[in-house]
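One letter stands for each residue in the lines below.
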Amino acid sequence: QAQLVESGGGLVQPGGSLRLSCAASGRIFSINTMGWHRQAPGKQRELVASITSGGSTNYADSVKGRLTISRDNAKNTVYLQMNSLKPEDTAVYYCNADLRSLPGRPVYDYWGQGTQVTVSS
């Protein structure tokens, strides 16, 4: 069984920066797309950014130019560098990974437990 563990959340002032990390561990054969989602109070979870195993990226319009997703395939880790943060970025951030645990097994979508990001003065 695989698991994802996020780290790096916290409280930051508007205009500040944070870097989130998400490491996948356990039984992993291969990882396809990895991504970050967020959910603010009273709102639906939304995609923030995703990255394929080949490095192609996709971003929500609201974060383009401010947030950058990257990954280290050797470490099974995905990162989210967040700059110029705004109060509206406040949310619980979740990482996910589409991964195959063993050769020939289906690809399943795994999720981390979430990490809180609060942008406030």
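Rules and cut-offs
- Residues numbered from 1 in each chain as written.
- Predicted model: local features only at pLDDT ≥ 70, side-chain atom pairs only at ≥ 80, totals over all residues.
- Heavy atoms only, no water.
- Helix = DSSP H or I, 4+ residues; strand = E, 2+ residues; numbered from the N terminus.
- Rg over C-alpha atoms; globule rule 2.2 N^0.38 Å.
- Buried < 20%, exposed > 50% of the residue type's maximum accessible area, 1.4 Å probe, protein only.
- Contact = heavy atoms within 4.5 Å.
- Lys, Arg positive; Asp, Glu negative; His and termini not counted.
- Charge placed at Lys NZ, Arg CZ, Asp CG, Glu CD.
- Salt bridge = Lys/Arg side-chain N within 4 Å of Asp/Glu carboxyl O.
- Core = buried A, V, L, I, M, F, W, Y, C linked by side-chain atoms within 4.5 Å.
- Disulfide = S-S within 2.5 Å.

Enquirer: Tell me about the overall build of the protein chain, and name the residues and values.
Expert: Along the backbone of the protein chain there are 0 helices and 11 strands. Starting at the N terminus, the α and β elements of the protein chain follow one another as β-β-β-β-β-β-β-β-β-β-β. In terms of C-alpha radius of gyration, the protein chain reaches 14 Å, essentially the compact-globule figure of 14 Å for 121 residues. In terms of overall dimensions, the protein chain has C-alpha extents of about 50 × 25 × 25 Å along its principal axes. Across the 121 residues that make up the protein chain, the buried fraction comes to 40%. Relative to all contacts within the protein chain whose residues are 6 or more apart in sequence, the contacts with residues 24 or more apart total 56%. For the protein chain, the distance from the average site of its 12 positive side-chain charges to the average site of its 8 negative ones is 5 Å.

Enquirer: Hey, could you go over the pattern of salt bridges for me, with residue numbers and the actual values?
Expert: Between side chains of opposite charge, pairing is possible as soon as their charged atoms come close. Throughout the structure, instances matching the rule amount to 4 salt bridges. In this structure, K64 engages D61 in a salt bridge whose closest nitrogen and oxygen atoms are separated by 3.1 Å. Accessibility expressed as a relative area gives 65% for D61, which makes it exposed. It is possible to trace a salt-bridge network through shared partners that takes in R38, E46, R66 and D89.

Enquirer: Got a sec to walk through the nonpolar core? Specific residues and values, please.
Expert: Burial of nonpolar side chains together is a common tendency in soluble globular proteins. Counting residues in each nonpolar core, the largest one holds 30 residues, and the members touching the most others are W36, V48, V78, L80, M82 and Y93. Elements with a minimum of two residues in this core: β1 (2-7), β3 (18-26), β4 (30-39), β5 (46-51), β7 (67-72), β8 (77-82), β9 (91-100) and β11 (115-119). Apart from residues no more than four positions distant in its own chain, V48 is found in contact with W36, H37, R38, N58, Y59, A60, V63, L67, L80 and Y93.

Enquirer: Kindly report on the state of the cysteines, identifying the contributing residues and their values.
Expert: Under the definition given, this model contains 1 disulfide. Two residues, C22 and C95, share a disulfide whose sulfurs are 1.9 Å apart. Torsion about the S-S bond of the C22 and C95 cystine: about 45°, corresponding to right-handed handedness. With C22 in strand β3 and C95 in strand β9, this residue pair connects regions lying 73 residues apart in the sequence.

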